[in-house]
Amino acid sequence: MTDRNRNKLPTNLPQLQNLIKRDSESYKDEFLQQYRHYQSNLQLFQLKPSAFSKTLEELLIFLAQVSHCYPAELSEFPQQLRDLLHRHATALDPTMRLSMVKSLILLRNKGLIPATSILELFFELFRCQDKLLRKTLYKYIVTDIKNVNSKRKNMQLNSTLQSFMYTMLTDKSPVAAKMSLDVMTELYKKNVWNDAKTVNVITTACFSKHAKILVAALKFFLGRDELDQKAESDSDDDDDTNSSKKTARELSLAYRVGKKTKNRERKLKRALAVLKKQGSKKKKAEVFNFSALHLIHDPQDFCEKLFKKLESSNERFEVKLLMMDLISRLIGIHQLFLFNFYPFLKRFLQPHQREVTKLLLYVAQASHELVPPDVMEEVLVTISNNFITERNSREVMAVGLNSVREVCARCPLAIGEDLLGDLVQYKSHRDKTVMMAARALIQVYRQHNPALLHKKDRGRPTDAKNEHTVLKYGERDTKDYIPGAEALEETKDDGAHKPQDVDDWQSCSEDDDDSDGEWVTVHHSSDEEQQEELTKLVPDDPTERKRKAQNVSANRILSQEDFAKINQLQASKQVQHTSTKGKKRKFVEAEPEKRGELPNLADIENVHKRRAHDKESRLATVLAGREDRGKFGHGREKMNPDASTTNKQKKKSKPFMMVKHKMQKKVKRSFKDKQIALRNSLLKRQRMSKKF
């Protein structure tokens, strides 16, 4: 470089920066000159930190860009910037402060400053009243922590920052606490800080005095986790439903080979539905939709403190709804005891109450098997008295019945026989919405406790229903054997159940080669024959059946074929009826619904029938149908005007003399046309006889 251009470098920092990055040793004197210039400007700036210095801003960016070229000379530069921001963060000019932050970010990206010190400083800078600065810091903190934990978890950094975040959530500045909470929730959603310590730090924000922090923490716990549905479906198709598909294929093949009847087709559909339901219950990695709720260390204590805050809260009604939602979910998921919560909800259970369907959903979420029946029965009586009465509209009655159904599905002992008998009477209500809601309640107790229903409402008995036992309060249905193992043969030896040897397969294949290329007749057994083979092995006595299942479960190692037979037997128990006597059922018994971790609001707001059209809506429908129609159109127009016409259309355009001979022929009438003609003639003859 010429001396003339070299003399211009002190005033052209971008060019000097480019040259230093290419050859740092050749331009070390120019760098030292700029560094001394920076130190003198820094001393002047410290006398008045609130002033803006364009020269110092340019020097900060320049030194940060070339800091990796002269690490020895700039060893104190990162600490100087950090101390300056720490002492004068709120007094600095916004533009100057943002330039210092960007310089620190450049130094951090070059690895010249540890992550712990700079991130703690950035969290403290959330207190500044600068929206652009907070937005920049938020994006960088999330990105930097994510990059640090990309290859492996940096437990030391995470633990230090999480402990620091605990103090930031209780900071005097609500803006800093809110931004710190947003950083933690975003890192949890990105699966960076998805451990229990992060969740329990966020629980402290649920008791904040500031509404924004409280709402943000509540929405975090109420948010649903995003699942990778494609990966989940692929794994299910490959591993979980393999045996169920095989059994379904065998059932379909048996139906195709056997005689086609309506009864066999109906049984096949029901058996396939039961097998599909059993296939979804395969053991796989448990996935929670609300995993943050499962990571709380002491949910009982947290729930009690949150309910105490709810009782004394003066927040808006929407915030109270969020608190009630979180409390009810904690009670339902962890099966907690908080008996004062149910009388608190009873005050709001009125049809005219705002967001009453959500309140009914919270009642269903807070119900589980360990809640005492007398506590839940009071809530159900309140719902019945306020919603399920003839003075209310059909939607209100249906919502009440749906709420009772959701509560009873999770706490079957909550309702008494008298109240259930009264609600079941709505199965013949004139309105379809109320009728379907009442029948759905009947279906729940057909599965859980048919003895509470009237005999005509219990449905046709099956083997599965006969084996079902009604559990008392706090009782668990535990078995020391595999249900359905009685369909397998007992073995006398102590060894495992040996599969067929490979030599036997080879011998079978060699014997089949004597056909000389001719067709071999293969016999396929129907589903009735397969069912008969299974039922022959099952004892009739329940005690003997249980003994055989215990013996098989203890003395045999079951193969995949054995489990397929067990699944087939369990499915047949739910399909096969023990008796065909009696009247035909009034409505078809539906399959039990798949209930998730928590009830859905759509199940409570479910309405089966729309209202009839009034005059305005009918007129609007008619006018909408006339828009696309031509003014003097006749008949249905062809989609393609160049397409050919049918013989019926051509017949209309032919002269009459060409089709006269066809009209004179006798047209063969169908049986229905003959019936109509006979009816008309008899009616005409009857009218003629009355005249005379």
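Residues numbered from 1 in each chain as written. Predicted model: local features only at pLDDT ≥ 70, side-chain atom pairs only at ≥ 80, totals over all residues. Heavy atoms only, no water.

Undergrad: What is the right way to look at the overall build of the chain in this model?
TA: When helices and strands are counted, the chain shows 34 helices and 0 strands. Counting over 692 residues, the chain shows a buried share of 39%. Nonlocal contacts in the chain, meaning residues at least 24 apart in sequence, comprise 73% of its contacts between residues at least 6 apart. As displayed, the chain has an accessible area near 43,500 Å², and 51% of this comes from carbon and sulfur atoms. (Helix = DSSP H or I, 4+ residues; strand = E, 2+ residues; numbered from the N terminus. Buried < 20%, exposed > 50% of the residue type's maximum accessible area, 1.4 Å probe, protein only. Contact = heavy atoms within 4.5 Å. Areas by Shrake-Rupley, 256 points an atom, 1.4 Å probe, with all protein chains shown as cover.)

Undergrad: When you look at helix α24 (residues 432–448) in this model, what are you seeing that I'm missing?
TA: Since the α-helix packs 3.6 residues into each turn, any two residues three or four apart lie on the same face. Between its first and last C-alpha atoms α24 spans 25 Å; for 17 residues at 1.5 Å apiece the expected length is 24 Å, and the two agree. At the N-terminal boundary of α24, the capping side chain belongs to D431, with an oxygen 3.0 Å from the backbone nitrogen of T433. (Expected span 1.5 Å × (residues − 1). Polar contact = N/O pair within 3.5 Å; in protein donor to acceptor, adjacent residues only side chain to side chain.)

Undergrad: Could you clarify how one ought to interpret the side chain of H429 in this entry?
TA: With respect to the helices and strands, the residue H429 is situated in the loop between α23 (417–424) and α24. Owing to a relative accessible area of 13%, H429 belongs among the buried residues under this scheme. Here the side chain of H429 touches E390 through a polar contact of 3.5 Å, side chain to side chain. At 3.0 Å, the side chain of H429 and the backbone nitrogen of D431 are in polar contact. In contact with H429, other than residues within four places in its own chain, are E390, M397, V434 and M435.

Undergrad: Quick question: what am I supposed to make of the packing of helix α7 (residues 115–124) against helix α8 (residues 131–148) here?
TA: Two measures define how a pair of helices packs: the angle their axes make with one another and the distance between the axes. Between α7 and α8, the least distance of the axes is 10 Å, while the angle of their chain directions is 150°. As summarised for this structure, α7 and α8 are arranged roughly antiparallel, according to the angle between their axes. Where α7 crosses over α8, the two elements pack in a sense that is left-handed. Residues A115, L119, F122 and F123 of α7 form the contact with α8, whose participating residues are L137, Y140, I141, D144 and I145. Class assignment of the residues belonging to the contact of α7 with α8 gives a composition of 8 nonpolar, no polar and 1 charged. (Axes fitted to C-alpha atoms, helices over the stretch in contact; angles between N-to-C directions. Parallel < 35°, antiparallel > 145°, perpendicular 65-115°, else oblique. Left-handed = near helix turned anticlockwise from the far one by under 90°. Nonpolar A, V, L, I, M, F, W, Y, C, P; charged D, E, K, R; others polar.)

None of this, on its own, says anything about what the molecule does.
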